[in-house]
Amino acid sequence: MLTAEDISISFGGVPALQGVSVTLERGQIRGVIGPNGSGKSTLFNCLTGFIRPDTGTVAIDGRDISTAAPHERITLGIGRTFQTPRFDPKADVWQALACGFYPATARSITASALRLPSARRAERRVETGVGELLERFNLTAQADQPVGELPLGTVRLVEVARAMATSPGFLLLDEPAAGLTEDEQQLLAGQITALAQADIGVLLVEHNFDLVVGLSDEITVLANGTCLVEGLPGDVAADSRVRSVYLGL
Ligand code: ADP
Ligand code: MG
């Protein structure tokens, strides 16, 4: 289980999160929603190590990882995507996915240049792994296409696929459906459900209320840097506090 406990952080004296706790089990989809500026991305960044909170702890299966750097957390089983996809636009899908294997297969430049057996084994692992990801995410037909020329929905899928290269136990997605068409959102939703069925815990920071309600096992609602409500999607959607703060009803 991935846990954040009692997380607080201020930027220039202004609190962005105040005593927020959240848990994510393997195989669970947890939606995190809230108005703009409520602290969703900050919580995400505290979990992934991009921001060190002022107080509070992050742990995997009870093991404190609060001081681990972002790249160490990837090795420990936390995969992530970015709110704005980060790709070399000239790289094709195959190359973009191959990059995802780098943390697991990094070898010294010397070993690669000398074509030592260890470097060749790593290359074969990457080739097999990329092939598996292309198939799993239905991207085989796009393998040779530059990422920069793909529709946004496909780019988001490539991003999720790349994050899966390190076989994370937990996958954190920051607004993966932003800018997608209805069809693209449904495709993405299907992939997210499949990840949870494969026992991956998915933390879904998402703006689209209906999408989150439809996908999540549990939802955490943030408002002004605190946890307003946490619970089952149906209960959260019906909660009068959520309706007034989040939906402005
Ligand atoms: P959300 O993702 O829910 O829209 P954020 O977590 O991005 O919200 O932001 C929460 C609050 O923290 C906002 O008031 C935002 O302006 C502030 N904030 C976030 N990151 C920084 C930063 N790096 N420096 C200063 N203020 C920040
Ligand atoms: Mg955000």
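About the thresholds
The residue numbers shown here count from 1 along each chain, following its written sequence. Note on labels: chains are lettered from A, ligands numbered from 1, in written order. It should be noted that, the model being predicted, local features are given only for residues of pLDDT at least 70 and side-chain atom pairs only at 80 or more, the latter also being counted only at that level, while totals for whole chains, interfaces and linings use all residues. To qualify as a helix, a DSSP run of H or I must reach at least 4 residues; to qualify as a strand, a run of E must reach at least 2; elements of each kind are numbered from the N terminus. As defined in this context, the radius of gyration uses C-alpha atoms, and a globule is described by 2.2 Å times the residue total to the power 0.38. The exposure label follows from counting other C-beta atoms within 10 Å of a residue's C-beta, where the C-beta atoms are placed from the backbone and the thresholds are 20 or more for buried and 12 or fewer for exposed, leaving partly exposed in between. Strand pairing follows a simple DSSP-based rule, namely that at least 2 bridges must link the two strands. Here, residues touch in the contact sense if the C-beta positions derived from the backbone fall within 7 Å of one another. Only the stretch in contact is used when fitting a helix axis, every axis being a line fitted to C-alpha atoms; angles between N-to-C directions are given from 0 to 180 degrees. Near, as applied to residues and a molecule or strand, means the residue's backbone-placed C-beta atom lies within 6 Å of it. In this classification, Asp, Glu, Lys and Arg are treated as charged, Ala, Val, Leu, Ile, Met, Phe, Trp, Tyr, Cys and Pro as nonpolar, and every other residue, Gly included, as polar. Domain start and stop points were drawn from an automatic or database domain assignment. By convention the nonpolar core is taken to be a set of buried residues drawn from Ala, Val, Leu, Ile, Met, Phe, Trp, Tyr and Cys and joined through C-beta atoms within 7 Å.

## Some details on the overall build of the chain
Next up, step 1: Tallying secondary structure elements over the chain gives eleven helices and ten strands in all.
Next up, step 2: Over its C-alpha trace the chain gives a radius of gyration of 19 Å, about what one expects of a compact globule, namely 18 Å for 249 residues.
Next up, step 3: Taken along its principal axes, the extent of the C-alpha atoms in the chain is 60 × 40 × 35 Å.
Next up, step 4: Here the chain holds 249 residues, and the buried ones make up 38% of them.

## Some points on the sheet that holds strand β2 (residues 14–24)
Whether parallel or antiparallel, the strands of a sheet pair through hydrogen bonds between backbone atoms.
Next up, step 1: Taken together, four strands build an open sheet; the order of strands is β2-β1-β4-β5 and the sheet is antiparallel. Each edge of the open sheet carries a strand with a single partner, namely β2 and β5 (63–64).
Next up, step 2: Two elements, strand β1 (residues 2–11) and β2, share seven bridges in a ladder whose sense is antiparallel. If you follow F11 over to β2, its bridge partner there is V14.
Next up, step 3: Sheet strands touched by helix α1 (residues 40–48): β1, β2 and β4 (55–60). Its angle to β1, the strand with the most contacts, is close to 120°.

## Examining the site of ligand 1
Next up, step 1: Close to ligand 1 lie F11, A16, G34, N36, G37, S38, G39, K40, S41 and T42.
Next up, step 2: By residue number, the principal contributor to the shell around ligand 1 is α1, which donates three residues.
Next up, step 3: A per-class count over the shell around ligand 1 returns two nonpolar, seven polar and one charged.

## Focus: the domain arrangement of the chain
Next up, step 1: According to the domain assignment, the chain contains domain 1 (2–77 + 168–245) and domain 2 (88–154).
Next up, step 2: Its C-alpha centre places domain 1 at a distance of 28 Å from the equivalent point of domain 2.
Next up, step 3: Contact with domain 1, which involves ten residues of that partner, is made by four residues of domain 2.
Next up, step 4: Secondary-structure elements contributing two or more residues to the side of domain 1 that touches domain 2 are α2 (70–75) and α8 (182–197).
Next up, step 5: Counting residues per element, the side of domain 1 that touches domain 2 draws most heavily on α8, which supplies four residues.

## Digging into the environment of G77
Next up, step 1: When you line up the elements, G77 lands in the loop between α2 and β6 (78–80).
Next up, step 2: Overall, G77 belongs to the partly exposed group, with 19 C-beta atoms counted inside 10 Å.
Next up, step 3: The spacing of G77 and T42 is 35 residues in sequence and 20 Å in space, taken between C-alpha atoms.
Next up, step 4: If we skip the residues at most four places from it in the chain, G77 touches I60, P168, G169 and F170.

## Quick word on unusual backbone geometry
Next up, step 1: Even without being a glycine, E175 presents a positive backbone phi close to 50°.
Next up, step 2: Within the secondary structure, E175 is located in the loop between β7 (170–174) and α8.
Next up, step 3: One non-glycine residue, N224, adopts positive backbone phi at about 50°.

## As for the sheet that holds β6
Next up, step 1: Taken together, six strands build an open sheet; the order of strands is β6-β7-β8-β3-β9-β10 and the sheet is mixed. Two strands bound the open sheet, and with one partner strand each, they are β6 and β10 (226–231). Sheet twist, expressed as the average angle between the axes of neighbouring strands with direction ignored, equals 20°.
Next up, step 2: As paired strands, β7 and strand β8 (residues 201–205) are joined by five bridges and run parallel to one another. Within β8, the residue paired with L172 across the bridge is L203.
Next up, step 3: Strands in contact with α1 are β3 (29–33), β6, β7, β8 and β9 (218–223); relative to β7, the strand with the most contacts, it is inclined by about 150°.
Next up, step 4: Each of β3, β7 and β8 touches α8; the most contacted strand, β8, lies at about 145° to it.

## Structural notes on α1
Next up, step 1: With eight of its nine residues buried, α1 lies for the most part within the structure.
Next up, step 2: Phi for G49, located one or two positions after α1, is positive at around 90°.

## A word on the nonpolar core
Nonpolar side chains in soluble globular proteins tend to end up buried together.
Next up, step 1: Counting 63 residues, the largest nonpolar core has L43, L97, V158, A161, V202, L203 and L204 as the members making the most contacts within it.
Next up, step 2: Considering each element in turn, this core owes the most residues, six residues, to helix α7 (residues 152–163).
Next up, step 3: Mapped onto the domain boundaries, this core takes at least three residues apiece from domain 1 (2–77 + 168–245) and domain 2 (88–154).
Next up, step 4: The residues touching L97, leaving out its near neighbours within four places in the chain, are V130, L133, L134, V158, A161, R162 and A165.

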